Amino acid sequence: MGADYEVTIGLEVHAQLDTNTKIFCSCSTEFGAEPNVHTCPVCLGLPGVLPVLNKKAVEYAIKTGLALNCDIASFSKFDRKNYFYPDLPKAYQISQFDLPLCTDGHINVKTEDEEVRVRINRIHMEEDAGKLVHDGTTDEGSLVDYNRVGTPLIEIVTEPDIHSPAQAVAYLKELKSILEYLEVSDCNMAEGSLRCDANASIKPKGQEELGTKTELKNMNSFKAIEKALKYEIKRQAKVLNAGKEVIQETRMWDDDLGKTFSMRGKEEAHDYRYFPEPDLVPMEVDESWLEKIEEDIPELPTDRKARFINEFGLPEYDAEVLTDSKDIADFFEATVNKHDDPKSVSNWVMGDLMRLLNEENLEINEADITADGLAEMLALMDDGTISSKIAKTVFEEMFKTGKDPDTIVEEKGLKQISDEDELGNVIDGVIENNPDAVADYKGGKDQAIGYLVGQVMKETRGKADPQLTNQMLREKLS
Amino acid sequence: MELYELTAHELHEKLTAGEVSAEEVINSIYQRIEETEEDVKAYVTLTKEEALNKAKKVDERLADGEDINPLAGIPVAIKDNMCTEGIKTTCSSNILHNFKPPYNATVVQKLNDEDAVMIGKTNLDEFAMGSSTENSGFFTTKNPWDLERVPGGSSGGSAAAVAANEAIISLGSDTGGSIRQPAALCGVVGMKPTYGFVSRYGLVAFASSLDQIGPFSKDVEDCALALNYICGHDPHDSTSVEREVPDFTESLVDDVSEMKVGIPKEYFGEGIDAEVKEAVEAAIAKLEELGATCEEVSLPHTEYALPTYYLIAPAEASSNLARYDGVRYGYRAEGANSLIDMFKKTRSEGFGDEVKRRIMLGTYALSSGYYDAYYLKAQKVRTLIKDDFEKVFEEYDVLISPTSPTTAFKIGEKSDDPLQMYMSDLCTIPANLAGIPGISIPCGFDNDGLPIGLQLLGNHFDEEKLIQVAYTFEQNTDFHKESAEL
Amino acid sequence: MKIDQATVEKVAMLARLELASDEEEKMTEQLNDILDYADKLNELDTEDVKPTAHALPIKNVFREDVVEESLDRDIALKNAPEKESGSFKVPKVIETGE
């Protein structure tokens, strides 16, 4: 598409709340269990059962609302959303319709070249549905697993304030980071604890009225969301350029084919027949409850980033990368507390640590390495026990085994050779075996010393103190 | 006198005095059931084996010299819309014909904990939708006073069981009069407590904001006893109130001299049988004679209660009954070629006509474009009806009215005309909309010898006043001593 | 007449009911009777009246976030019309999303 269109995007994010139990019963919300082991009469929707609201879920929703600068409703209620589907045991989802818990919030979102404010229309609470498994051994049926039924969800709906796929992703990253900081959701997209639908439309530049939007579903990663939005914007532009009209509809993203597909015809017209849930009573949130929840809100990413710049003198880039994930930022701070060299810690965290986490596809709290371990290793470097080169080996070993650096250095014999007698023997050998390089050096080629140092390092498998080696070589050859 | 003819408090005396054993009581009840059940057809399921086992346990306690609870060893029947662990709970619907719940309703558990003996599950209009048990998916229960007539409904099985001496106490549920109306038609005592006083957990929902469980009994004393054990807060029911349960037997006081009784004129208007009206008026005269102050009052929005109810109840029901889809339990239709086809066939074959009618009505009332005109409008009128009561109860202790506009009607007489059938709930529905308690007690007989019931209504949580007035009336009349000849 | 047979068909679809054509006709008639009766409510001006969803003014009823034992899976599945591999089984679903 050319520069002739303006893009308007709104996002609906579903986040599973990280409570121990489901929203309306005491079953566990554990992910990945055998099918139907976390069910009870209530979440199976047996005749006669009644829901009882999980207080923690409400508090998590309010916490999120506060962090996203929302108004928290002093009076809020639940409603039933009625539709038939085998993954929905009561054939209605308990949700919030006209009186959501949180409204009118915003967050500021930064992309490479701009900062925009994305307004939050509402955050409401609801229950998750179960899971249908289609690829059973037989093809005449589908299997239903109700473990996930009743997992507490919040749905966070933005205003149409997003104007590019890049902004959409930046918003999602910022939102994910905030939810993680609040510890209200583990935001694991692969496990479905964070899910996103998007509404997208385009309009000719300068036109007031928004274009017809389509709703995009089935995007399971930030990358997929970006690709789907890019695809959909192009598609809509093509439709308009051909003099046709965009149809308001739901479209499914197919990640393998890289296309969105119309759901038209496959989806019947919905009429959810919302009405107040008679089995639950209204919620009234008073000031004292709000204050208590507010006390629980930790420093959020934006504030922490600013503090990292001020307190630790980090470059903005480092502060940004480190505070993106609360766990990484916590790891960084814990390390700095033990080893007061923020920039060096930052280099290790952003460099080797993040590389290894990426390679192993691990979260920091799943890895065996500890902040104490990293601090100790940095101390060993500072006091000359290990060289910076050896440190990389030690770090990888710490990451792999969780052992402390002293043990690794001891076990693997990685201690730097700083003993002049021991080093002298190695240096003598190298001088004897490399007459050409020695001649070059003596003939005035100073760079030949580098080759000789390299040979000493090779002989000692990196353990020689490089500075001392350099100094001793020059003395012996002078 | 046979054991099955006694009340719970009489049986308790005999049990504690060692005159009879619990096993003898249970055997006596089943002997009676054997004699009369073929005619009355009150029960969907009998649980004789479990009942005898339970009775033996009570007898062991007695033999050990232990104190037993007032309901211990007492034969109790449960309406078949309350979940009983491992025992079929059908709601008299083909869609649940084989459903065995893995849990007990809170009331069932409470009675079980008191050592009351469940003897069986009673028939009802399918999912409690009806006023005659003619809408049962299985069979129609007969009125013990005249087997050609209905026992009322929807708790017709529970009412008939007590009236026929096939149970000593029974539990019903009341959404629009489903305890009080059959109690009146069967000549027994039936009470709907304040909404939220008895846990609804395990009561299969019809209209959640109106449903309430309550007891049937042969006299007011047994009613008070039953209330003592079924009321109380339940953490499994968010709409259940946290409130101390009084000892209702302390309200069994023969005195109405301090009572101000309101006579709502709207409950004596068109549609009320002359004989019913006369009997209730005679009862009012009796109460005055006993020292009560009785005055006419007005509940101006009464005429709107029925249409309000017939929008709210079906709307909630359409949602509550959506879960019967053939996936997790109950009936599933054969030969469906797709999921949606399975849903439709299952529900169309599993539900009866009245249930389908109400699901349709409720679905329509909630559907887009009609919600404001029907459901929301009804909820607003509900407020007006509630306000009427609030105002009157500022000045009056209880209200008195007929329970049902007519005595028991003939089987088939109204079954083709839903609106005509709905009219039987004229006097009972407003209490459900307002959430207030109501009791029906016998107050006379018509020319055909059919029982007439009077209804007393009280403010929220004024059950004690209802019991006191009902008890006083009962102590000074003999209507409750009559029983159906079978 | 408030609703015609086409509306009844639409509502039946929403409620997942299948009505034979004679049933549909009868249903249309009966629903119209009841809805006509419900029109009585329009006699009342309820502009400023708040709706009542609950008869009692209860609020803020919560549970603590403590796990309790779930049902044994065999018991959870016991009433299922069809089951397979620890799951409830239904006729094949064509994914439409929700």
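Since this is a predicted model, take the numbers as computed values, not measurements.

**Concerning the pairing of strand β2 (residues 75–79) of chain B**
All names here are of chain B. With five of five residues buried, β2 lies mostly within the body of the structure. Residues of β2 alternate between two faces, with P75, A77 and K79 on one and V76 and I78 on the opposite face, all of them buried. Inspection of the sheet shows β2 paired to strand β3 (residues 117–122) by five bridges, in the parallel sense. Bridge pairing in β3 places A77 opposite G120. Running through helix α4 (residues 106–113), the crossover from β2 to the neighbouring parallel element β3 is right-handed. Of the strand pairs in this sheet, β2 and strand β4 (residues 169–173) are connected by three bridges, and their pairing is parallel. Paired with A77 across the two strands is S170, which belongs to β4.

**What about a negative patch on the surface?**
The grouping of D416 and D417 of chain B together with D22, E25, E29, D33 and D36 of chain C at the surface amounts to a negative patch. With respect to the helices, strands and loops of the structure, D22 of chain C is situated in helix α2 (residues 21–38).

**Some thoughts on the domain arrangement of chain A**
How big an interface is tends to be stated in terms of accessible area lost as the parts join. When its domains are assigned, chain A resolves into domain 1 (2–290), domain 2 (299–412) and domain 3 (420–477). The C-alpha centroid of domain 3 of chain A is placed 33 Å from the C-alpha centroid of domain 2 of chain A.

**Regarding the sheet that holds strand β1 (residues 5–16) of chain A**
Residue and element names in this part refer to chain A. Across the sheet, which stays open at both edges, the nine strands sit in the order β3-β7-β8-β11-β1-β12-β13-β14-β15 with mixed pairing between neighbours. Taken across any chain shown, the strands that pair with only one partner, and hence form the sheet edges, are β3 (71–72) and β15 (259–262). Bridge count for β1 against strand β12 (residues 194–204) is 11 bridges, and the pairing is antiparallel. If you follow E12 over to β12, its bridge partner there is D197.

**Some details on the packing of helix α9 (residues 305–320) of chain B against helix α12 (residues 372–393) of chain B**
All names here are of chain B. One way to put it is that α9 packs onto α12 with a least axis distance of 9 Å and a crossing angle of 130 degrees. Considered as vectors, α9 and α12 are oriented oblique to each other. Crossing handedness for the pair α9 and α12: left-handed. Of α12, the residues touching α9 (which contributes A305, T308, L311, I312, A315 and E316) are Y374, Y375, A378, Q379, V381, R382 and I385.

**Observations concerning the side chain of T335 of chain A**
Residue and element names in this part refer to chain A. Position of T335 relative to the elements: it lies in helix α7 (residues 326–338). For T335, the side chain forms a polar contact with the main-chain oxygen of F331, separated by 2.7 Å. Residues contacting T335, with those up to four places away along its chain left out, are V345, A371, L374 and A375.

**Comments concerning the confidence of the model for chain B**
If pLDDT is low for a region, its predicted coordinates should not be looked at in detail. Chain-level pLDDT for chain B is 97 on average; 100% of the residues reach the 70-or-more range. For this predicted complex, the interface confidence comes out at an ipTM of 0.96, alongside a pTM of 0.91.

**Re the interface of chain C and chain A**
Counting residues at the interface gives 36 residues for chain C and 58 residues for chain A. Contact between chain C and chain A buries roughly 4200 Å² in total, counting both sides, with carbon and sulfur atoms accounting for 54%. Summed over the shared surface of chain C and chain A, the result is one salt bridge. Residue E284 of chain A is joined to K59 of chain C by a salt bridge in which the shortest nitrogen-to-oxygen separation is 3.3 Å. At the junction of chain C with chain A, the criterion picks out 21 residue pairs in polar contact (both at pLDDT 80 or more). Of all the secondary-structure elements, those providing two or more residues to the side of chain C that touches chain A are α1 (5–14), β1 (62–63), α3 (73–77) and β3 (87–91) of chain C. By residue number, the principal contributor to the side of chain C that touches chain A is β3 of chain C, which donates five residues. Along the lines of polarity and charge, the residues of the side of chain C that touches chain A split into 16 nonpolar, eight polar and 12 charged.

**A closer look at the interface of chain B and chain C**
The partner chain C presents 52 residues to the 64 residues of chain B that form the contact. Taken together, the two surfaces of chain B and chain C that pack against each other cover about 5200 Å², and 69% of this comes from carbon and sulfur. Where chain B meets chain C, there are three salt bridges. Two residues, K40 of chain C and E303 of chain B, come together in a salt bridge whose shortest N-O distance is 2.7 Å. At the surface where chain B touches chain C, the tally comes to 16 residue pairs in polar contact (both at pLDDT 80 or more). Residue assignment for the side of chain B that touches chain C shows that the elements contributing at least two residues are α9, α10 (339–350), α11 (353–366), α12, α13 (418–422) and α14 (429–434) of chain B.

**So, the sheet that holds strand β9 (residues 131–133) of chain A**
Pairing is antiparallel across the open sheet formed by four strands, whose spatial order is β9(A)-β10(A)-β3(C)-β2(C). Every interior strand has two partners, whereas the edge strands, β9 of chain A together with β2 (83–84) of chain C, have only one.

**Looking at the state of the cysteines**
Within the structure shown, the criterion is met by zero disulfides over all chains. With no disulfide partner, C70 of chain A has as its closest neighbouring cysteine sulfur the one in C102 of chain A, 5.3 Å distant. As a non-bridged cysteine, C443 of chain B has C427 of chain B as the owner of its nearest cysteine sulfur, 12 Å distant. For C443 of chain B, a relative accessible area of 4% translates into the label buried.

**Some thoughts on the packing of aromatic side chains**
A full pass over the atoms with the stated rule returns 29 aromatic pairs over all chains. Plain terms: the ring middles of F197 of chain B and F248 of chain B are 6.3 Å apart, the flat faces sit at 75 degrees to each other, and that makes the pair edge-to-face. On the criterion of sequence distance, the pair formed by F197 of chain B in the loop between β5 (189–192) and β6 (213–217) and F248 of chain B in the loop between α7 (220–230) and β7 (260–264) is long-range, its members being 51 residues apart. Of the two residues examined, F197 of chain B and F248 of chain B, each falls in the buried class. Taken together, a centroid distance of 6.3 Å and an interplanar angle of 90 degrees make the contact between Y324 of chain B and F351 of chain B edge-to-face. Separated by 27 residues along the polypeptide, Y324 of chain B in the loop between α9 and α10 and F351 of chain B in the loop between α10 and α11 bring together distant segments of the chain. Of the two residues examined, Y324 of chain B and F351 of chain B, each falls in the buried class. Members of the aromatic cluster, connected to one another through ring pairs, are F99, F127, Y324, Y329 and F351 of chain B. Residue placement shows K81 of chain A over the ring face of Y272 of chain A; its charged tip is 4.4 Å from the ring centre. Just above the ring of Y396 of chain B sits the side chain of K260 of chain B; from NZ or CZ to the centre is 4.9 Å.

**What about the packing of helix α8 (residues 342–360) of chain A against helix α10 (residues 388–401) of chain A?**
All names here are of chain A. Where α8 contacts α10, the axes come no closer than 11 Å and their chain directions differ by 45 degrees. Classed by the angle they form, the pair α8 and α10 counts as oblique. For the pair α8 and α10, the sense of crossing is right-handed. Here α8 contributes W348, D352, L353, R355, L356, L357 and E360 to the contact with α10, which in turn contributes A391, K392, F395, E396 and F399. Residues belonging to the contact of α8 with α10 are distributed by class as follows: seven nonpolar, no polar and five charged.

The rules behind these values
Residues numbered from 1 in each chain as written. Chains lettered and ligands numbered in written order. Predicted model: local features only at pLDDT ≥ 70, side-chain atom pairs only at ≥ 80, totals over all residues. Heavy atoms only, no water. Buried < 20%, exposed > 50% of the residue type's maximum accessible area, 1.4 Å probe, protein only. Helix = DSSP H or I, 4+ residues; strand = E, 2+ residues; numbered from the N terminus. Pairing = 2+ DSSP bridges. Right-handed = clockwise from strand over helix to strand, strands pointing away. Patch = residues over 30% accessible without salt bridge, like charges linked within 9 Å, V, L, I, M, F, W, Y side chains within 5 Å. Areas by Shrake-Rupley, 256 points an atom, 1.4 Å probe, with all protein chains shown as cover. Salt bridge = Lys/Arg side-chain N within 4 Å of Asp/Glu carboxyl O. Lys, Arg positive; Asp, Glu negative; His and termini not counted. Charge placed at Lys NZ, Arg CZ, Asp CG, Glu CD. Domains from an automatic or database assignment. Axes fitted to C-alpha atoms, helices over the stretch in contact; angles between N-to-C directions. Parallel < 35°, antiparallel > 145°, perpendicular 65-115°, else oblique. Left-handed = near helix turned anticlockwise from the far one by under 90°. Contact = heavy atoms within 4.5 Å. Polar contact = N/O pair within 3.5 Å; in protein donor to acceptor, adjacent residues only side chain to side chain. pLDDT = per-residue confidence, 0-100. Buried area = accessible area lost by both parts, 1.4 Å probe. Nonpolar A, V, L, I, M, F, W, Y, C, P; charged D, E, K, R; others polar. Disulfide = S-S within 2.5 Å. Phe/Tyr/Trp six-rings, centres within 6.5 Å; stacked < 30°, edge-to-face > 60°. Lys NZ or Arg CZ within 6 Å of the ring centre and 35° of its normal.

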